[in-house]
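Residue-level structure breakdown
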Amino acid sequence: METKMKNNRIENNLCAWEKKFPGSRIEIEEKYKEWKIHRTENTDIVVDTEIASDGNVILKVTKDDKTRYLGGRRNSIEPVDVWYQTIGQVEESAMFFFGGIGNPLYVKKIIENQTTKNVSIIIYEPSREIFFTVLENIDIVDILESRADCIFIVDGISGLEINEVIKKMISVVMMEHVRTIILPNYNRVFSEKIMEFAKNIRRQCDVCAAAINTQVRFSNVYAMNMFANAPFLLDAYKTKQLTEVIPRDIPAIVVAAGPSLNNNIEELKRAKGKAFIIAVDTAIKPLLKRGIVPDMFAIVDGKKPIELVQDDEAKKIPLLTSISAAHGVLAYHTGMKFFYNEGDTYINSMFFMNRKVLEPLACGGSVATAAFALAFMIGIDTVILVGQDLALTGNKTHADGTFEEKMKEVDTSHSMMVPGNVEDKVPTRMDFKLYLDWYNVYIKECKDYRENFRVINATEGGARIENTEIMTLKEAIDRECTKEINIQERLSRLQPVLSGEERQRALNFLQKTPEHYRQMKEDALSINRLYNRLNKICSNSKINLKSYENVLKKIKKITKKIETDSIYYEPIKESLALANYVVQSESYDVKDTLKEEGREIARQGIIYTDMVRQCAELFEEYTKETVGKAE
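Described in the following lines is the structure provided in the data block. (Residues numbered from 1 in each chain as written. Predicted model: local features only at pLDDT ≥ 70, side-chain atom pairs only at ≥ 80, totals over all residues. Heavy atoms only, no water.)

On to unusual backbone geometry, then. If you check the backbone angles, Asp65 has positive phi at about 65° while not being a glycine. Tracing the sequence through the fold places Asp65 in the loop between strand E2 (57–63) and strand E3 (66–69). In this structure Asp65 comes out as exposed when scored by relative accessible area, which is 79%. Unlike most non-glycine residues, Leu390 shows phi in positive territory, near 55°. (Helix = DSSP H or I, 4+ residues; strand = E, 2+ residues; numbered from the N terminus. Buried < 20%, exposed > 50% of the residue type's maximum accessible area, 1.4 Å probe, protein only.)

This next bit is on the environment of Ala230. Considering the arrangement of structural elements, one finds Ala230 in the loop between helix H11 (221–229) and strand E8 (237–238). Put simply, Ala230 and Glu164 are 66 residues apart on the chain and 46 Å apart in space, counted from C-alpha to C-alpha. With residues near it in sequence (within four places) discarded, Ala230 still touches Ile323, Tyr346, Ile347, Met350, Leu510 and Val627. (Contact = heavy atoms within 4.5 Å.)

In this section: helix H16 (residues 367–377). Where burial is concerned, most of H16 is hidden: ten out of the eleven residues are buried. By the burial criterion, the buried members of H16 are Val367, Ala368, Thr369, Ala370, Ala371, Phe372, Ala373, Leu374, Ala375 and Phe376. Gly379 lies just past H16 and shows a positive phi near 95°.

We now examine the pairing of strand E16 (residues 425–428). The pairing of strand E15 (residues 416–419) with E16 spans four bridges and is antiparallel. Bridging from a neighbouring strand, Val418 pairs with Val426 of E16. Connecting E15 to the next strand, E16, in antiparallel fashion are five residues. (Pairing = 2+ DSSP bridges.)

This paragraph deals with the pattern of salt bridges. All chains considered together, the criterion is met by 45 salt bridges. One salt bridge connects Glu405 with Lys289, and the closest N-O pair in it is separated by 2.3 Å. Within this pair, whereas Glu405 is found in the loop between strand E14 (382–386) and E15, its partner Lys289 is found in helix H13 (residues 284–289), the two being separated by 116 residues in sequence. In this structure, Glu405 and Lys289 share a single accessibility class: exposed. When salt bridges that share partners are traced, they join Glu267, Arg270, Lys474 and Asp478 into one network. (Salt bridge = Lys/Arg side-chain N within 4 Å of Asp/Glu carboxyl O.)

With that settled, consider the sheet that holds E2. The strand order E1-E2-E3 describes an open sheet built from three strands, whose pairing is antiparallel. The sheet is open, and its two edges are formed by strand E1 (45–51) and E3, each paired on a single side. The sheet shows a mean angle of 25° between the axes of neighbouring strands, direction not considered. Pairing between E2 and E3: four bridges, direction antiparallel. (Axes fitted to C-alpha atoms, helices over the stretch in contact; angles between N-to-C directions.)

Next up, the structure:
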């Protein structure tokens, strides 16, 4: 019986394999038959199977008298679910390099939750024993038949070498999308091969990084938007000021742009003048098209296209925004701008020098969660959610009139399912699921903090959000929107947060920014020369210890000078995440001698300080055109 099950399993897997890789089945079968005959010969590992408590087949590997499991014995699924939650949002073009196929649940988890055809999966298996044991005992048909681009490289079986595949797959365009996953216990059982696998991926990313020119390498969207938007703070408002003019006893209506907004958007006309209506950026055009002008709209995305809000009426609507939001949108907008604290030392300095504070906002990762957090922060007791689907309602991502006049349907056959407001289960994406989880936690914390805080989910579709009252938007407006209020008249009572001498002090600070980056560029060049001197000292047959120590002291002194100027160094440090990756590419190699250690220090220092110099030079020129020209 067991033999028959194995035969059926491998037959199904091989059929799927042939469909995925036409013409390869014969070779795989031949090598499989050869392996079965000689499976106990010339191998230093023994691979067996067990059934976990949850019924899944798991593999155990014995090597050097130590047995290790490649999957959880009691619960094989939960560790995979926990792992998946930790990897964050999977971008559309993600490229996953898996070290091992001994526990296919990890690969299957990625495939289950992908929403596009653009995810690539490269699986490297260092052991043919594990590969053939998987073919015999575990169904991998869903992996082979998935829409993802899958490549299998098995030592001793595949014609290709894994390093050749790495070189071909990782390009300058793709390097930022690379993710490396080493399956449990592979680093112990196949330490040398897996280390080389990970090392080759890292090296290829380094090669690509070195090929990127300075402008692209340091084009940090966050930093660029921050410098370009900083002058707006001279005449802006802060979110905390809204507590002075928006009463707590009217509801806030947060209008997101989920697909269900198509169904009840007209109802919002009745709420105008009886609630504080905050719309997300993507909802602006659908609202204005129907003659509904929200009291405020929000944008926090650094790459949001201006086309979403390009409307003569939209540019005058008060704006909730972040300093890192798309500069094009903020420059187009002419109305009141309300900012919150994102933790930037550079921006906070404009307020600290004036003995003022810019308060933070619990953003939650999306523009809709930011708008919701604002409503709670300013003390409003009842928040009504509209269009907050957090799901692919009707197989669509957004309401009509947002990105397209008529949004196209998407394939939801492989989407994860979550409880719905109207339906039992609804399909969703990973990013929507993350926002849903945020709402579930944050709303509970809000209600614990303020007992009378209420959230009404009037989305009329989409995913169910915990701790909310579900009702139609008509019911919510009838019950809650009973008090007349002129929001725009109340907002007009506010004054910009900086005025008179405060504004001038902040203006002077902005205008001097280019000079700081000029000085930082020169300091980085000085340190770079010192690292080159260190390299020469360590290249001699005998190291002059006094010279070695003197150079390190000078490096430390100038480095401290740069890092002490944290107001200006922080944007560089954030922009050099890629540079840090390049510099540390070989940092795990232990050096045996002082000479080798010194040359490694010099190598890393030369690369890093050259990048600091280039980044400072770029920022010097950019800030001359932005904060340097502030008025």
